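A look at the structure
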Amino acid sequence: MAKKCLEEKCKKKQKFKVREYTRCQCCGRARSVYKEFMICRICFRSMAHRGLIPGVTKASW
């Protein structure tokens with residue numbers, strides 16, 4: 001879990017565009033966040049396995 005102060009800092013409008021960064025909507029993780037879903041890779045994987053993300057299936061060949 002991310003610190004609460006860092007989550008609040010992320011929500012605030014920054015003075016410069018380059019200072020803004022994405023955080024996971026579920027856990028608050030700052031790294032490896034998919035912009036399309038706004039969740040990190042770990043949450044994405046677990047939600048995809050549970051079938052919570054429509055249109056995403058586990059690859060098998």
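If you're wondering where the values come from, they're calculated on a predicted model, not measured in any experiment. (Residues numbered from 1 in each chain as written. Predicted model: local features only at pLDDT ≥ 70, side-chain atom pairs only at ≥ 80, totals over all residues. Heavy atoms only, no water.)

1. Here's the deal with the environment of Thr22
- Checked against the element boundaries, Thr22 lands in the loop between helix 1 (4-11) and strand 1 (33-34).
- What makes Thr22 partly exposed here is its relative accessible area of 26%.
- Not counting the four nearest positions on each side in its chain, Thr22 is found in contact with Arg29, Ala30, Val33, Lys35 and Met38. (Helix = DSSP H or I, 4+ residues; strand = E, 2+ residues; numbered from the N terminus. Buried < 20%, exposed > 50% of the residue type's maximum accessible area, 1.4 Å probe, protein only. Contact = heavy atoms within 4.5 Å.)

2. Points about the packing of aromatic side chains
- One pass over the structure, following the stated rule, counts 2 aromatic pairs.
- Residues Tyr34 and Phe44 carry aromatic rings whose centres are separated by 5.4 Å and whose planes lie at 65 degrees to one another, so their mutual orientation is edge-to-face. Pair noted here: Tyr34 is in strand 1 and Phe44 is in helix 2 (residues 41-50), with a separation of 10 residues, a long-range link.
- On the basis of relative accessible area, Phe44 is assigned to the buried category, the value being 18%.
- A centroid spacing of 5.0 Å and a plane angle of 50 degrees characterise the contact between Phe37 and Phe44, whose relative ring orientation is tilted.
- Taken together through their ring pairs, the aromatic side chains of Tyr34, Phe37 and Phe44 make up a single cluster. (Phe/Tyr/Trp six-rings, centres within 6.5 Å; stacked < 30°, edge-to-face > 60°.)

3. Looking at a positive patch on the surface
- There is a patch of like positive charges on the surface, built from Lys9, Lys12, Lys15 and Arg19.
- Tracing the sequence through the fold places Lys15 in the loop between helix 1 and strand 1.
- A residue is classified by how much of its surface remains accessible, and Lys15, at 70% relative accessible area, is exposed. (Patch = residues over 30% accessible without salt bridge, like charges linked within 9 Å, V, L, I, M, F, W, Y side chains within 5 Å. Areas by Shrake-Rupley, 256 points an atom, 1.4 Å probe, with all protein chains shown as cover. Salt bridge = Lys/Arg side-chain N within 4 Å of Asp/Glu carboxyl O. Lys, Arg positive; Asp, Glu negative; His and termini not counted. Charge placed at Lys NZ, Arg CZ, Asp CG, Glu CD.)

4. Considering the nonpolar core
- Of all hydrophobic cores here, the largest spans 8 residues; its members are Cys24, Cys27, Ile39, Cys40, Cys43, Phe44, Met47 and Ile53.
- Listing elements by their share of this core, those giving two or more residues are strand 2 (39-40) and helix 2.
- If one sorts the elements of this core by residue count, helix 2 sits on top with 3 residues.
- With sequence-adjacent residues up to four places away left out, Cys40 is seen in contact with Cys24, Cys27, Arg29, Arg31, Ser32 and Val33. (Core = buried A, V, L, I, M, F, W, Y, C linked by side-chain atoms within 4.5 Å.)

5. Regarding the confidence of the model for the protein chain
- Taken residue by residue, the protein chain gives an average pLDDT of 84. The fraction at 70 or more is 97%.
- Summarising per-element confidence for the protein chain, the mean pLDDT is lowest in helix 1 (77) and highest in strand 2 (93). (pLDDT = per-residue confidence, 0-100.)

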